[in-house]
Amino acid sequence: MPLDRRTFLKGATSGAVLFTVGGVPAWLTPREARAEGADLRTLTPAQARALTAYGEVLLPGADEAGLAHYLDAQLSVDPAESLLMIRYLDVPAPWNGFYSGVAHALDALAQRRHDCPFAELSADAAHDLAGVIAGGEVADWAGPPAGFAHFVLRADAVDLVYGRPEGFDALNVPYMAHIDPEAVA
Amino acid sequence: MKRMKMVDAVIVGAGAAGAFYARHLAESGRSVAVLEAGPGWQHTDLQSSLIWARRLRWGGERVATTGEHPFGYGFNAGWGNGGAATHHYGTWLRLDESDFEMRSRFGRGRDWPFDYATLRPYYDRIQKAVGLSGDAEAEIWRPAGDPYPMPPLATFGQAEAIRRGFEAMGMHTAPMPMAINSQPYAGRAACIYDGWCDAGCPTGALYNPLVRDVPGALAAGAEIRNHASVIRVTSRNGRATGVEYADADGERCFQPESVVVLAASAVHNPAILLNSASDDWPDGLANRSGQVGRGFMTHSVAGIYGLFKEDTEPFMGVSGAQLSCRDGYGKDREQGFGSYQWLIAPAMKPNGLLGMAVTRADLYGDALHAFIRRASHHMANMLAMGEDLPDPDNRVVLGEGRDGYGRRPAKVVHRFTDDAMAVHRHAREEGLAVMRAAGADEAWAGPLGTAHMMGGTPMGSDPADSVVDGYGRSHDVPNLVLAGTGLFPTAGANNPTYTMYAVALRGVERLIDDWDAVAA
């Protein structure tokens, strides 16, 4: 169910997004939402597993930072409120179809090549398959253009791991905010 | 349909041009209604984050971008009060004298309906009002103009590193002129060099419409209606009679007026005119010339990157550039016709479309972590911006289908000319050579990008091949005025905002002077 603008912004200004944990609404960051097993609004569990596993291969740490819940929260708001990088890339909104298409393609590719979903691949197999996808020319890829999918998911992972004040701290780079980015969650 | 109270002027778009017109017309005593498709941003909305910055980009109905070199509308366009200028970088360069006389001097493109000397006083007045930081004497390429009112902005490690490369190759650099305060000016604070310009500058050190024109327009009595999506401009007996729009609740409204100012962007101005076709205007309102939508232009962008041993502090500075090089601004060269310029040492963050990670899209996993860690302290970058000559086949058209209001979507068709691509390739090779000459351990280039949107409703002296005159007034519809970068007959290679303001100042002052005749 999409969040309305007022509800979204209310949570956003307090530094969190409205998730539901055990049927109880709670304002949580994506990292907290992941840790507490918050319900997903838009992505299916299978889609979340595939996207999380892929994001973790692209940039280790993305899973723990709550990539699936971040994507789910941003896909659950009006596209005009979305914070996703794909907004810049002239892909028609809404973008749910793009992400579900990538998740489906990941699992289908892994299933064909390794007889299991992407999230169940060994670390080496997942890394190798990510390299194939990054190359863009994948004969048995059935989803949004593979190279583009790599670019977008990788950018989402970088946003989450390095695009927020904690990420700057990890790089020993001063954040120097005029206004702290609470809304990013 | 809800009928609104009559106003003197209805302005479509509260971006740089629309807010500028709104303030001037309201201050001259005219009643003004501004229809803005997006939200009513405040300074407090401008959170320092490249993730947050995305909400400042276009969030309205889809704009399709097609052609061999599609224009990047999603990144370049704006949304809400201030428009694209809320997230612009404040790189304010004047166009060169040659840019105004492309047809006369080179037999290429179009001539503007006035020359540089005519526009110079407007550039000078704008820079005094806004406050530019720079060093006019150091800019050996700069056309005649008053000195900048403020000294240049500070430079940091990556600028100094790249400067070495230009000097080693016998090329020139100078501080980039920026609409950013190097010291307190016009009641606004000085820049603190945090590199968050892309997310909008809440202190107003970087000039944007939220600093002066939006509050000035409101203070003078203008009304800005946010989330107002324009459907069409209505007309009767050769004159514009009003604007139909959908309000924030989706209700269809009609705003009658004496004068319409379209300032919706170089994409949406032509789209609105084309969607305003009627029995009297079968090819689109004010389109007897057939030029509405044609000659759309953008700048080519080549990103050049390097890694150095020294600490380059790439996160410090401003998003625009620290230094400028316009040794390549001459039009005619063996490697393609057209100008290019270097924007040297924009501040970089790890993420975002212009961030460090994107420059090495081939890396992932632990290798990406390692790269970002190194790049955060040792990277340097610069961008070559190249000229796109007006091509009638590069255009804004209407796409297939209609929405619930009967409106067809905007579609942009774009391909860089062979000359523009040759200039782009030349600049790319030059940039790699500069980076190596600067001592970079590694140097690489990014893919072709696009920046800025211009043309599509070109100014001209001849109504047969242009849409508006040198003041932005329609040749066909006497009470219809257009504003913004869409008026540019040629693009040059310099960032367009400064020129847009100079052209708008010239246009709005003439409109105020001629009001009775235009609005009659």
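Keep in mind that this is a model prediction, so the values were computed, not measured.

Q: Help me understand the environment of B:Asp418, please; the structure alone is not making it clear to me.
A: Residue and element names in this part refer to chain B. For Asp 418, the position within the fold is in helix α10 (residues 418–437). Sequence spacing of Asp 418 and Met 435 is 17 residues, and the spatial spacing of their C-alpha atoms is 26 Å. Within the structure, the side chain of Asp 418 is placed 2.8 Å from the side chain of Arg 415, a separation counted as a polar contact.

Q: What should I look at first to understand the pattern of salt bridges in this one?
A: Any two side chains of opposite charge can pair, given that their charged atoms come close. Residues and elements named next belong to chain B. Counted according to the given criterion, the structure contains 37 salt bridges over all chains. The residue Glu 509 makes a salt bridge to Arg 125 at a minimum N-O spacing of 2.4 Å. Taken together, the residues span a long stretch of sequence, with Glu 509 in helix α11 (residues 497–513) and Arg 125 in helix α4 (residues 116–130) at a distance of 384 residues. A relative accessible area of 25% places Glu 509 in the partly exposed class. Residue classification places Arg 125 among the partly exposed residues on the basis of a relative accessible area of 40%.

Q: I keep staring at the confidence of the model for chain A and nothing clicks. Help me out?
A: The predicted coordinates of low-pLDDT regions are not to be read in fine detail. Residues and elements named next belong to chain A. On average, residues of chain A carry a pLDDT of 90, and 89% of them reach 70 or more. The weakest mean pLDDT in chain A belongs to helix α1 (residues 5–12) at 48; the strongest belongs to helix α3 (residues 45–58) at 98. Across residues 8–14, confidence stays below pLDDT 50; counting only partners more than four residues off in sequence or on other chains, it has 13 contacts.

Q: Hey, could you run me through the nonpolar core in this one?
A: One recurring pattern in soluble globular proteins is that nonpolar side chains are buried together. Grouped together as the largest cluster of nonpolar side chains are 203 residues, with contacts concentrated most on A:Tyr99, A:Phe118, A:Trp141, B:Tyr21 and B:Leu25. Per-element tally for this core: the top contributor is helix α7 (residues 146–162) of chain A, with 11 residues.

Q: Explain the side chain of B:Asn269 to me, please; I cannot follow it from the model alone.
A: Tracing the backbone through its elements, the reader meets B:Asn269 in helix α7 (residues 268–275). Using a relative accessible area of 2% as the deciding quantity, one classes B:Asn269 as buried.

Q: Looking at this model, I keep getting lost on the packing of helix α1 (residues 16–27) of chain B against α11(B). Mind explaining?
A: When two helices pack together, their arrangement is captured by the angle between the axes and the distance separating the axes. Residue and element names in this part refer to chain B. In the contact formed by α1 and α11, the axes pass within 10 Å of each other and the chain directions differ by 30°. For the pair α1 and α11, the sense of crossing is right-handed. Every residue of α11 that contacts α1 at Ala 16, Ala 17, Phe 20, Tyr 21, His 24 and Leu 25 is listed here: Met 500, Tyr 501, Ala 504, Leu 505, Gly 507, Val 508, Leu 511 and Ile 512.

Q: What exactly am I supposed to notice about the pairing of strand β13 (residues 379–386) of chain B here?
A: Consecutive side chains along a regular strand alternate between the two faces of the sheet. All names here are of chain B. Among the 8 residues of β13, 8 are classified as buried, and the element is accordingly described as predominantly covered. Every second residue of β13 is oriented toward a common face, with Met 379, Asn 381, Leu 383 and Met 385 on one face and Ala 380, Met 382, Ala 384 and Gly 386 on the other, all of them buried. Relative to β13, strand β10 (residues 297–307) runs antiparallel, the two being bridged by 8 bridges. Looking at β13, one finds that Ile 304 is bridged to Met 382.

Q: Looking at this structure, how should I read the side chain of B:Asn351?
A: Here B:Asn351 is to be found in the loop between β12 (340–344) and α8 (356–359). A polar side-chain atom of B:Asn351 sits 2.9 Å from a polar atom in the side chain of A:Asp159.

Q: So what exactly am I meant to see when it comes to the sheet that holds strand β14 (residues 395–398) of chain B here?
A: Pairing between the strands of a sheet comes from backbone hydrogen bonds, and it takes one of two forms, parallel or antiparallel. All names here are of chain B. One open sheet holds the 3 strands; their spatial order is β4-β15-β14, and the pairing between them is mixed. Since the sheet does not close on itself, it has two edges, and those belong to β4 (64–66) and β14, each with one partner. Between one strand axis and the next, the sheet turns by 25° as a mean value, whatever way the strands run. The strands touched by α7 are β14 and β15 (410–413); relative to β14, the strand with the most contacts, the crossing angle is about 40°.

Q: When you look at unusual backbone geometry in this model, what are you seeing that I'm missing?
A: Across the chain, the bulk of peptide bonds are trans and the bulk of non-glycine residues have phi less than zero. Cis geometry is found at the peptide bond from A:Ala93 to A:Pro94, where omega equals 0°. Position of A:Pro94 among the secondary structure elements: in the loop between α4 (67–75) and α5 (96–114). Phi at B:Ala186 takes a positive value of approximately 55°, unusual for a residue other than glycine. Structurally, B:Ala186 can be placed in the loop between β5 (174–175) and α6 (213–219). The class for B:Ala186 is exposed, based on a relative accessible area of 52%. In this model, B:His452 sits at a positive phi of 75°, which is unusual for a non-glycine residue.

Q: How should the packing of aromatic side chains be read in this particular structure?
A: To describe a pair of aromatic rings, one takes the distance between the centres and the angle between the planes. Residue and element names in this part refer to chain B. Summed over all chains, the structure comprises 30 aromatic pairs over all chains. The interplanar angle of 70° and the centroid separation of 5.2 Å between the aromatic rings of Phe 71 and Phe 296 together place this pair among those described as edge-to-face. One end of the pair, Phe 71, is in the loop between β4 and α2 (73–76); the other, Phe 296, is in the loop between α7 and β10, with 225 residues separating them in the sequence. Grouping residues by exposure puts Phe 71 and Phe 296 together as buried. Its guanidinium or amino end placed over the ring of Phe 75, Arg 57 lies 4.6 Å from that ring's centre, counting from NZ or CZ.

Q: What exactly am I supposed to notice about the packing of α3(A) against α4(A) here?
A: Residues and elements named next belong to chain A. Orientation of α3 relative to α4, taken along the N-to-C sense of each, is 120°, at an axis distance of 8 Å. By the angle class used here, α3 and α4 are oblique. The way α3 lies across α4 gives a crossing that is right-handed. Counting all contacts with α3, which are made through Ala 48, Leu 51, Thr 52 and Gly 55, the residues of α4 involved are Leu 67, Ala 68 and Leu 71. Here the residues of the contact of α3 with α4 sort into 5 nonpolar, 2 polar and no charged.

Q: Please clarify how the interface of chain A and chain B should be interpreted in this entry.
A: It is common to give the size of an interface as the accessible area lost on bringing the parts into contact. Residue-level contacts link 45 residues of chain A with 51 residues of chain B. Carbon and sulfur atoms supply 62% of the area that chain A and chain B bury against each other, a total of about 4,100 Å² over both sides. Of all residues in chain A, the largest losses of buried area upon contact with chain B belong to A:Tyr88, A:Arg154 and A:His178, amounting jointly to 20% of the total for that side. The interface formed by chain A and chain B holds 1 salt bridge in total. Of the charged contacts in the structure, one is a salt bridge between B:Arg54 and A:Asp159, with a shortest N-O distance of 2.5 Å. Across the contact surface, chain A and chain B share 26 residue pairs in polar contact (both at pLDDT 80 or more). At the level of elements, α1, α3, α6 (123–135) and α7 of chain A are the ones that each hand at least two residues to the side of chain A that touches chain B.

Rules of the game
- Residues numbered from 1 in each chain as written.
- Chains lettered and ligands numbered in written order.
- Predicted model: local features only at pLDDT ≥ 70, side-chain atom pairs only at ≥ 80, totals over all residues.
- Heavy atoms only, no water.
- Helix = DSSP H or I, 4+ residues; strand = E, 2+ residues; numbered from the N terminus.
- Polar contact = N/O pair within 3.5 Å; in protein donor to acceptor, adjacent residues only side chain to side chain.
- Salt bridge = Lys/Arg side-chain N within 4 Å of Asp/Glu carboxyl O.
- Buried < 20%, exposed > 50% of the residue type's maximum accessible area, 1.4 Å probe, protein only.
- pLDDT = per-residue confidence, 0-100.
- Contact = heavy atoms within 4.5 Å.
- Core = buried A, V, L, I, M, F, W, Y, C linked by side-chain atoms within 4.5 Å.
- Axes fitted to C-alpha atoms, helices over the stretch in contact; angles between N-to-C directions.
- Left-handed = near helix turned anticlockwise from the far one by under 90°.
- Pairing = 2+ DSSP bridges.
- Phe/Tyr/Trp six-rings, centres within 6.5 Å; stacked < 30°, edge-to-face > 60°.
- Lys NZ or Arg CZ within 6 Å of the ring centre and 35° of its normal.
- Parallel < 35°, antiparallel > 145°, perpendicular 65-115°, else oblique.
- Nonpolar A, V, L, I, M, F, W, Y, C, P; charged D, E, K, R; others polar.
- Buried area = accessible area lost by both parts, 1.4 Å probe.

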